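A closer look at the structure
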Amino acid sequence: MRTQLRTPLWFARIGRPRKSGIGVNLCAHPDHTDMEYDPQELEERWRERWAETGRYEADPSEADEDPTFITVPYPYPSGGMHIGHARTYTVPDVYARYRRQQGDNVLFPIAWHVTGTPIIGAVERLKKGEEKQLSVLRDTYDVPEETLTDLETPMGFARYFIEEHYKRGMKSLGLSVDWRREFTTNDERYSKFITWQYETLRDRNLLEKGLHPVKYCTNEEQPVTTHDLLEGEEAEFQEYTLVRFGRGDTVVPMATLRPETVRGVTNAYVNPDGDYVYADVDGEEWFVSAAAAEKLRLQAHDVEVREEAAGAELVGERVTNPVTGDEVLVLPADFVDPENATGVVMSVPAHSPDDYVALQEAKADDARMEEYGIDPADVEAIEPIPILTVEGYDEIPAQSAVEEAGVTSSDDPALEKATKDLYNKEFHAGRMNDDYDEFAGELVEDIRTRFRDTHRDGGAFGTMQEFSEHVVCRCGGDVVVAEQDTWFLRYNDEDWKAKAHEVVSEMDAVPENTRGEYDHTIDWLNEWPCIRNYGLGTRLPWDEDFVIEPLSDSTVYMAYYTIAHRLQDVPVEELDREFFDTLFYGADAVDDAPERAVDLREEWDYWYPVDYRFSANDLISNHLTFYLFHHAELFDRPNWPQGIVIMGMGLLEGEKMSSSKGHVVLPGAAIDDYGADTVRFFLLNSAEPWQDYDWRDDQVESVRTQLERFWNRADEIIESDAPEERPELAQEDRWLLSKLQATVREVTEAMESSETRSASQAAFYNFEEQLRWYRRRTDTDRPAARWTLREVLETRLRLLAPFVPFMTNELHERLTGTPAEDAPWPEPDASAESAAAEASESQIERLTEDILGIQQSLANADEDVPEADPDRIVVTVAADWKREVFAAVAEEGADQGAVMSTVMQNPDLRERGNEVNDLVGELVEFARSRDDGEVAALADLEEYETYEAATEFLSREFDADVEIRLEGDEAEATKQAIPFRPAVELEVE
RNA sequence: GCGAGGGUGGCCGAGUCUGGAAAAGGCGGCGGACUCAAGAUCCGCUCUCGUAGGAGUCCGUGGGUUCAAAUCCCUCCCCUCGCACCA
């Protein structure tokens, strides 16, 4: 529905004013003559026609037993559609249209993904009146002020963008979607389908319950998402190892990211002024910071605080290393943050420049030590203990790092870099020393996890989760890591992985170099937590407190498309396990198969599997691989994904698009400015689907100009009188038709590999080049030329129909009475191919360019050369004996030695010795850049006759008399004439 | 660090798999034709040198293989994307 008021907003122009089309539109009837190109008018007519006739509604048909089913990720309407999305959906549309012309029954459906929290977050920011959000809605997406209140519920928000942006944009682009099948992932019927999926997976033991770290607001006392954060959006979960140092029966856990350095601990640090507690943790007494006690409680430990204490309590005490049994001294340190991890850290001065410098400073500050009752001599006695060796550093790597960097105090910014560099170096290249027994001599990166696990199992280590930076909730509360019971998809299951690999090995991966990425992802994927605490979507069937998260409720929904529109007639409560089991596994799969499901199964069976899924590059590492996993498990081999085509990223004027910065182009505005065909053609022609592309106004403008020119030329051809029957064709006509067949082959081949750029390039631009020559070369008013041009136009319209459907439908219908999309895809006509015509035409072209080159060279001379504007051009064709040499080249191929030995058998040629040798050299060079067929065709070419027949053209072209001579017969060449390279002389009277 | 992709003329980009032409096409620029003029269209030029179709120098860096390398192999440098619980 388009109201008077909203239309101008949505179609708001972004740049160039529309060209005036004075005098057009007076008559919109298709057979109106001499029409100017007015894309807005003609495209709207075709949109209406498609909508009225339900042109793209696809139903099972006996006419095509092997239909084509293609899908694209359903859009997530948490905001509007921009030109990047437009391409995502246009690429599959072009393929769909191509398959239809090839005679396939094609299903291209779409739906809407609303699961999870982004839409809810967007609504909340709107309701709070956040400026940034309001600006995106008002300015970037042109949401009318009075409509904003409609957006204050999640589904209201989603519905607005679905209807006003996505659907409208997709329809404007002319996407050949079957609109009857749309749904949202919040629909109750869809939820029944997801319920079936998750119950089935649970029964197959592919779901598992376990603990999982989440972001948790200590103020709101609930989990929060990235969108809820004020600070620390980039924060990552870090798993610290707790080294369980002991002081008597009390555990003093020290958090570290480098557990393998435990043997290098020389002392510990605690913040003397921090708040610490003695607490019962899982039945033991622990000494940790107060903050740590709370975090441990949230991380599924049983915690009870017994007594509060200052950090100073521990200062000067000795604690026992659980791995070495050594006792180390605890020193006071202000740099220890009680808010981070346990608030107690161990010191490894041999390998941590930080610790090294801290120790130096402690040794230098006797007064402070004494203040805490520590004997400075004890501190002075602490020496770094190296535990690994790393190339490029001395025995004490931290010492060499600090000295090399010239660091003298812990405030020095260079210290941080030195620490990081050494950390990296040691991780990748450090080898453990002999004290490490089974780990001795190994690289840190190879043993860290194993080492940690060994000691964790042995009771010396524990674990704690912490963020990599401070995280604050929008409510102002601290956000910490909590561990929660969660359900996981067991992507780490070996059998499941094996099946997923099988899918990969059998499918078509486009481009082929993505195949390894799927395999890599499958291997690397671990357990995936598939539920969230809140959000839109389907509730976990056996625990209504949780929602199945977005990447987990979108793995097999392609199957749902096949019956989505017909499911509307089935009462929701009937959509139970038996129903979907019957639908997907057949009547025999259940005891009492619901009849309706048996019936629907036929349609599912008809469309499935998905022939191609078109998707984005960055989804390989999650969504697409999940898609493969779930199909591998839930469906039989014949219903596994057949192919995936990966699409590249979009840029806008060389920069990343960003809706929050308003750096986007809306499809509506672009279509209004240029027309949908131009937008489509640009998006498909500027790069192959999997390559990144760049929306640039000047380029789009140029496409628009080219299409307009195409339209005008086509219009002329359609309006011209041409013979019904094929007349006697001239050489130029046969040449053009021959080129056309090659183009048909090239375009078809490219389409088969989803190379939309190559295909459209060949059909459009490359062929324009041929036509340019044709128009220059021949009189296009000849009846045979008019007939040829019509023939060419009709074929090209069909080849271009997937890309620019509006324009080609219109023109093809005017030309033949049928829209281009309803005409079959062209097949190359071998009888129209003529190597001879191509060879002879390419020679005339070559000669023309040679003459032009000479002319140009003379014209550029500093002095005035009269021959630059010749009255007479003499072309001298190479003598017959030279042709014989070329015949030998055609025979032997581009092999100088072989040709010479053949040629020297001929006594006449042998006499000419060096002359022949030079000629062979040149001809071999000439043949090398041409394929065998072309060389053979040239060998058969009568060169003299070819030029003779073109004299009229040449004299018109150069406005001079043209004379063709044969070397040695009528004339001696003044310059070296060689086959296919006649001598040329320009003369003035 | 790991995985993937990429570095070609003023700019965007083909060419790289299957080694052999200053190297498609477009944009921008210059000149010309047409026109009262503009637009559109058409033609030519747009690395350097050149009064006859020519010659020379190029494809991130440095090596190697080969008669021949943008293309194959190795080194290094730089850029982009992904590395999870987020669509």
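Located above this text is the structure these notes cover.
Every chain begins its residue count from 1, and numbering advances along the sequence as written. Lettering for chains starts from A, numbering for ligands starts from 1, and both go in the order in which the items are written. At least 70 in pLDDT is required for a residue's local features to be given in this predicted model, at least 80 for side-chain atom pairs to be given and counted, and no such filter applies to totals for whole chains, interfaces and linings, which use all residues. Neither water nor hydrogens contribute to the side-chain values; these are computed over all heavy atoms in the structure.

**A closer look at the nonpolar core**
In terms of nonpolar packing, the biggest core is built from 127 residues, with Ile83, Leu151, Met170, Phe681, Leu683, Trp695 and Ile873 touching the most fellow members. Excluding residues that lie within four positions of it along the chain, Trp695 makes contacts with Ile83, Leu651, Leu652, Glu653, Val665, Ala670, Tyr674, Val679, Phe682, Leu683 and Val700. Side-chain atoms within 4.5 Å are what join buried Ala, Val, Leu, Ile, Met, Phe, Trp, Tyr and Cys residues into a set we call a nonpolar core. Relative accessibility decides the category of a residue: with a 1.4 Å probe and only protein chains considered, values under 20% of the type maximum give buried, values over 50% give exposed, and everything between is partly exposed. Residue contacts are defined here by distance: any two heavy atoms, one from each residue, within 4.5 Å place the two residues in contact.

**Quick notes on the sheet that holds strand β30 (residues 872-877)**
Here the rule is simple: two strands pair whenever DSSP picks up at least two bridges between them. Strands are runs of DSSP state E lasting at least two residues, helices are runs of H or I lasting at least four, and both sets are numbered from the N terminus onward. As summarised here, the arrangement of the 3 strands in space is β31-β30-β32, forming an open sheet in which the pairing is mixed. A single partner strand is all that each edge strand has here, and the edge strands are β31 (961-966) and β32 (983-987). For this sheet, the mean angle separating the axes of adjacent strands, direction not counted, is 20°. Of the pairings in the sheet, the one linking β30 to β32 comprises 5 bridges and is antiparallel in character. Residue Arg872 lies in a different strand from β32, and its bridge partner there is Glu987. Each of β30 and β32 touches helix α29 (residues 835-859); the most contacted strand, β32, lies at about 45° to it. Here an axis means a line fitted to C-alpha atoms, over the contact stretch when the element is a helix, while the angle between two N-to-C directions is reported on a 0 to 180 degree scale.

**Observations regarding unusual backbone geometry**
Residue Val510 is joined to Pro511 through a cis peptide bond whose omega torsion reads -5°. Within the element layout of this structure, Pro511 appears in the loop between β20 (508-510) and α16 (515-524). The peptide bond linking Tyr608 to Pro609 adopts the cis configuration, its omega dihedral lying at 5°. If you trace the backbone, Pro609 turns up in the loop between α20 (595-607) and β25 (612-616). Residues other than glycine seldom take positive phi values, yet Asn205 does so here, at roughly 65°.

**Some details on helix α23 (residues 676-685)**
The periodicity of an α-helix, 3.6 residues per turn, causes residues three or four positions apart to be oriented the same way. α23 sits mainly inside the fold: 10 of its 10 residues count as buried. When α23 is considered as a whole, its buried residues turn out to be Ala676, Asp677, Thr678, Val679, Arg680, Phe681, Phe682, Leu683, Leu684 and Asn685.

**Observations concerning the packing of helix α12 (residues 397-405) against helix α13 (residues 413-429)**
Close contact between α12 and α13 brings their axes to 10 Å; oriented N to C, the two are set at 140°. Taken together, the axes of α12 and α13 are oblique relative to one another. At the point where α12 passes α13, the crossing takes the right-handed sense. Residues Pro397, Ala398, Ala401 and Ala405 of α12 pack against Ala418, Leu422 and Glu426 of α13. Residue composition of the contact of α12 with α13, grouped by class: 6 nonpolar, no polar and 1 charged. Working rule for angles: under 35 degrees goes down as roughly parallel, over 145 as roughly antiparallel, 65 to 115 as roughly perpendicular, anything else as oblique. Take the far helix as your reference; a near helix turned counterclockwise from it by less than a right angle gives a left-handed crossing, and one turned clockwise gives a right-handed crossing. In this classification, Asp, Glu, Lys and Arg are treated as charged, Ala, Val, Leu, Ile, Met, Phe, Trp, Tyr, Cys and Pro as nonpolar, and every other residue, Gly included, as polar.

Geometry only, nothing functional implied.
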